[in-house]
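Coordinate analysis (summary)
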Amino acid sequence: MAERVDVCIVGSGFGGAISAYRLAELYQAAGVSPSIMVLERGRRHKHTDFRQSTDIEHLSKTYGLVQGQGAQVVIGDGVGGGSNLYLAASLRSPSETFERRDRRPGDGPERRMWPSQITRATLNPYYRRVELALRVQRPSWKQVAKSGGLWAATLAHAGHTCDRVPLAIDLNRCIQAKWCHTGCIYAAKNSVITNYLASAEQLGVQVRPSSQVELITRSTATPYRYVVNVSEIDNDSANPTRQPTGTTTQIECKVLILAAGAMGSTPLLMRSRTTMPSVSDQVGKHLGVNGDHMAAIEYDERKVRDLLGLPGFGQFYKGNHITTMSYDFWTSKPGNANDGKRFTLQEIYLSPLAHTLYDDARAPAGEPSFYGLQKKQALSTFNNHIEILAMVEDTHDGEFIAPPPFGSHVRPNAGPVGVGTFNYQLSDQSIAVREAADAAIRSIAERRGLGKFMKLSMRHVFCAHPLGGCRMADSKDYGVVDHRNEVFDNAGLFCIDSSAIPTSLGVNPSLTISAVSERAVAQLIDRAADYGLPAKPAGFTPGVPGVALGPHTTPVRRLDDAAVDAKVRSYS
Amino acid sequence: MPRKQRRKGVGVDQDFDVPGGSADLGRLLSRRQILQRATVLGVGGLILSALPAADRILATVAPSEAAVNLADATLQAVADTFIPGRQATLTDLGHEIHPLAIAGVHHEPGAVEADALALFHDPLIGFDALEPAFLAEVETRSLLRGGQFLDLDFANRIEVMKAGLAAANPSVVVWEAAAAVPFAAFMAEATLPNASIDTASGYQVIGHPGVAPNGYAEYSYRRKLSRERTLFGYLG
C-alpha cells in the first residue's frame, strides 16, 4: 500500500526547497496541515557537519563527480543539494539571455529558445523574492577579496570595467576563509538548509533523506495522479555503501515535483517514460553546462606592484570565492545577431584541485602541460594565481544515452566519483565562443607582462552548473515542460529545477533556477484547487522564509593575519 | 608510525639518503612480493623475461625486508611523474616510499609524499579495479622506452605518460583516472582530514594554510579598483 501525500517533491536543493516552502505557506494560509513530502537520496547535513577539508571521506558525503563521455559534472549530494556547495554568487541573468535564438545545429527551426511568457521582466519579481529569502547583498569594495580586487585592477589596467558580485552570504558572519565549496561550517553562506527548507520543515513539511526515487508511474486512484517507487539508500551505516539497501516503498501523490536537478530529474523521467509514453521524446536531450569555461592567470608579483600599484598578492587563499566580474564582452554585443557570441568573465576560486585543469602556461616545446615538471613549477606559484570563469553563450550540447537501471548515475563504490550515461560534444559555436573568451582573458592578463594565461588543458568539459535535459519550451516538439514547468500532457507532474533551463545564462545559475522555481510554484499555487490542493485564499501573499541556523558555533575571526601569512611565506 | 622529515619552514631542510645500488634495493624487496606483484601486473612472463633488471633484483632480494612492493612502487613512480618531487623516504602519513619511485627532479615535495599511493588504494576512489590493466599498459609502454617503469629516468617516464595520455590511445580514460589520483592527493590533500599547512606537504608547496576556522582579517585591498558598469552588480 503506497503512502499518500498531496505533494511529493523529489530532491531538496533550490527547486525542491522553494517548492516545499511556498506550498507549505499555502497550506498554512488555508489553515490546513501540509501534506508535503521531500525525498532526498543523500544524507541529512547540518552545517556543523561540514568541514574545511577536501578529504575523500568528506567529499563522499557531500559531492558527486559524474564522469560522462566528454564532460565531468559536479553535483551536490544530500539534503540541501547544490546549495550546500555553491559559491553563493547570486546574479540576475541579462535580458538577452531570455531572447536568444541561437541553438545547436539540428535543434529545430529558428525560434525564441525560452517560452514566450518568460522574459527578464516577468522574472524580476521572482528574482526579488529569492534575493530576499537568500539575503543577497553586494559586498563593498572593502569586502572584495584580494583575488577579486586583483581581477578588477587587471581589467582596469586593460581599459575594462569590473563589477562587484552580489552574494547570498551573511558578510557579518562570514570569516572570509574561502571554504564555501565544502559547506560553510558557520552557515554564513545562505544554503537552503537554513532558510527555505528549514522554514518548510517548521511549517510541517516532511523531509526524508536516503530516499532515492527510481520510477514514476500513474496512479489510478483519483485524485491521486502519480506513484513513485523509492529505494532506501545506505548513507548512514558504519561503512555506508551509498547503494540501495533493498528496502523499497511507494509514495502516491496528487502533485509530483521533480527537483533532483539536470543530472537527477532527467534520467528519472527518461526511465519513467516507459510507463508514461506521453512524456516528450525531448527528455534527456539538450543537456547544457551553462557555458562554463575555466582558465587561470599566473601573476608576476613584481608587475602587480609596478603596473597595478597594489602591495603584491600571494594570498589566493583569502576572502570570498567570487567577488568581481566583467560584463564588457556581453554589453559590446547587443541584438540577436550576436547571440552565441557573448560571455562574462568572473574571478572565482573553485578549489586548489581545480588547478589540475589548467595548462602550466610555460609551453616548453614537446613537454606536457598539465603534468610533469613544468606543471609542478606552476603549482608552486598557486598563491599568485587567480581563476577565471567565463560563462559563455554556448549551445546545449549534451544528451543522455539512456538512464542507468537505477539512480541517476552509476556509482561503482561509496566514493564521490560515478559514471554518467550521457554524451557531451561541443558544437562549433560552443567551441568558438570559448576560444573568444580565452583570447579576451589572455589579452587582459598578459598586457605588459602582468601575468601568464593558463588555458584549460583537459579534453573534457568541466561543469559545476548542469542545466537542461527536461528543458522548457513553447511546444512539446522542442521541450519537456511548459512555461509553468509542467510536463507537457502530464498534468500535475513538474520539473522545478535546473533541468528545465533551456539555455546557458551568462551568470552563475542558482538565482535564475530559483527565480524560475518561484514563478513555477506561484503558478501552481494559483491553480492549486485544480490539482486537489487547498485553494489559494484571497489575499494570499508569499512571505520571506526566516533564517534558522539550528545548533551552531559563533564564528570568531582572527584579529590579524601576520602569523598565518608568515607561515605561508616560510614555505614559499 | 615513523615520522617524516618536514620541509623547510618548520625546521629541518636536509638531504635524504637514497639507496644507490642493487644491494640496497634488494634489502627493500622480498622475492615473494616481487613475484606476487608481477603476476598482478597481468603481463606475466612477457614483461619479466624482457626486463634486464628483473634478475638483478631477484638475485639481491633478502627475504622479509619488504617495504613498498613492486606494483605500489610503480604507482608511486607514476605519481611522481605527474607531480614530481624531491627524494624522500616517508610520506605525510608515515608510509614508506620505494627508493626508485621518486626521480628527484624537483626540490619540493611531490605527489608521492602527499600519499598518492594511499589514495590509489582508497576504496572510496576505487582505482584498485583499474590498477592491473593500467600497470600492464604502463609496463608494456615502458618496455618500448628500454625497461621497467621504475628503471626509467624521468624523461622516459614522461614519454610513457604522453603515450598513455594521447587522445588516440583507446584506454586514455584509464590514464586520466590515474592522473586524477595524484592531483587529488597533492592539491586536495584527499587522504588528510582537516589538512593544514603544518602537516600536508601539498599545501606547503602551494602555500595554502588549509583549515582556517578563524578565517582571515586582511583579505581585501579595501579600495575601489575598477569602474563599474552596473548599479546593482547585474545587467538589466
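Residues numbered from 1 in each chain as written. Chains lettered and ligands numbered in written order. Predicted model: local features only at pLDDT ≥ 70, side-chain atom pairs only at ≥ 80, totals over all residues.

1. Things to note about the packing of helix α1 (residues 14-30) of chain A against helix α12 (residues 510-526) of chain A
Residue and element names in this part refer to chain A. Heads up, the rule is: Think of each axis as a best-fit line through the C-alpha atoms, taken over the contacting stretch in the case of a helix, with angles from 0 to 180 degrees between the N-to-C directions. Helix and strand assignments come from DSSP, with helices taken as H or I runs of at least 4 residues and strands as E runs of at least 2, each series counted from the N terminus. A crossing counts as left-handed when the near helix is turned anticlockwise from the far one by less than a right angle, and as right-handed when that turn is clockwise. Contact criterion: two residues are in contact if their C-beta atoms, reconstructed from the backbone, are within 7 Å. Gly is put with the polar residues, along with every residue not named as nonpolar or charged; the nonpolar set is Ala, Val, Leu, Ile, Met, Phe, Trp, Tyr, Cys and Pro, and the charged set is Asp, Glu, Lys and Arg.
One can describe the packing of α1 onto α12 by two numbers: an axis separation of 9 Å at closest approach and a directional angle of 30°. Crossing handedness for the pair α1 and α12: right-handed. Within the contact between the two elements, α1 uses F14, G15, I18, S19, R22, L23 and L26 and α12 uses S510, I513, S514, S517, E518, V521 and I525. Residue composition of the contact of α1 with α12, grouped by class: seven nonpolar, five polar and two charged.

2. Quick notes on the sheet that holds strand β16 (residues 417-424) of chain A
Residue and element names in this part refer to chain A. Worth spelling out the cut-off: Being paired, for any two strands, means DSSP has found at least two bridges between them.
A sheet is described by the order of its strands in space; here seven strands give the open sequence β18-β4-β3-β16-β15-β10-β19, paired in mixed fashion. Unpaired on one side and paired on the other, β18 (461-463) and β19 (467-468) mark the two borders of the sheet. Relative to strand β4 (residues 71-76), strand β3 (residues 63-69) is paired through five bridges, and the arrangement is antiparallel. Bridge pairing links Q67 to Q72 in β4.

3. A word on helix α7 (residues 265-272) of chain A
An α-helical turn contains 3.6 residues, so any two residues separated by three or four positions project in the same direction. Residue and element names in this part refer to chain A. Short version of the rule: Buried residues are those with 20 or more other C-beta atoms within 10 Å of their own C-beta, exposed residues have 12 or fewer, and partly exposed residues lie in between; C-beta atoms are placed from the backbone.
α7 sits mainly inside the fold: eight of its eight residues count as buried. Of the residues making up α7, those classed as buried are S265, T266, P267, L268, L269, M270, R271 and S272. Tucked inside the fold, the buried residues of α7 contact β7 (211-218), β9 (244-258), β15 (398-400) and β20 (493-495).

4. Considering the sheet that holds strand β13 (residues 343-348) of chain A
Residue and element names in this part refer to chain A. Taken in spatial order, the six strands line up as β5-β12-β13-β14-β11-β17 in an open sheet, and their pairing is antiparallel. Single-partner strands in this sheet number two, and they are β5 (163-164) and β17 (451-455). Inspection of the sheet shows strand β12 (residues 324-326) paired to β13 by two bridges, in the antiparallel sense. Paired with S326 across the bridge in β13 is L345. Helix α5 (residues 146-157) rests against β12, β13 and β14 (385-392) of the sheet, and its axis sits at about 25° to β12.

5. Concerning the interface of chain B and chain A
On the side of chain A, 75 residues touch chain B, which itself brings 64 residues to the contact. Of all the secondary-structure elements, those providing two or more residues to the side of chain B that touches chain A are α5 (70-82), α8 (154-164), α9 (172-187) and α10 (201-206) of chain B. Here the side of chain B that touches chain A takes four residues from α9(B), the largest share from any one element. Split by residue class, the side of chain B that touches chain A holds 35 nonpolar, 17 polar and twelve charged.

6. Describing the nonpolar core
Cut-off, in case you're wondering: Think of a nonpolar core as buried Ala, Val, Leu, Ile, Met, Phe, Trp, Tyr and Cys residues, each tied to the set through C-beta atoms within 7 Å.
Within the largest apolar cluster, 235 residues are counted, with the highest numbers of intra-cluster contacts made by A:C8, A:I9, A:A20 and B:A116. With ten residues, the single largest contributor to this core is α9(B). Residue contacts for A:I9: discarding those within four places in its chain leaves A:G16, A:S19, A:A20, A:I36, A:M37, A:V38, A:L39, A:I257 and A:A259.

7. Quick look at α5(A)
Residues and elements named next belong to chain A. Rules: Each residue after the first adds 1.5 Å to the expected span of a helix.
Between the first and last C-alpha of α5 there are 16 Å, a value that for twelve residues agrees with the 16 Å anticipated at 1.5 Å per step. Buried residues dominate α5, accounting for ten of its twelve residues. Within α5, the full set of buried residues consists of K146, S147, G148, G149, L150, W151, A152, A153, T154 and L155. Tucked into the core, α5 has its buried residues touching α8 (301-308), β12, β13, β14 and α11 (428-445). Among the residues trailing α5, G159 stands out with phi positive, at a value near 85°.

8. Quick notes on the environment of A:R43
All names here are of chain A. For R43, the location among the structural elements is in the loop between β2 (36-39) and α2 (56-62). Spatially, the C-alpha atom of R43 lies 45 Å from that of S443, the residues being 400 residues apart in sequence. Beyond its immediate chain neighbours, meaning those up to four positions away, R43 contacts K61, G78, P209, S210, N235 and D236.

9. Some points on the pairing of β4(A)
Residue and element names in this part refer to chain A. Burial analysis of β4 places six of its six residues in the buried class, the great majority of the element. Because side chains alternate across β4, one face comprises the buried residues A71, V73 and I75, and the other comprises Q72, V74 and G76, equally buried. Remark: one residue form the turn of the hairpin made by β3 and β4, two consecutive strands paired antiparallel; G70 in that turn has positive phi of roughly 100°.

Scope: geometric values only; no functional claims are made or implied.
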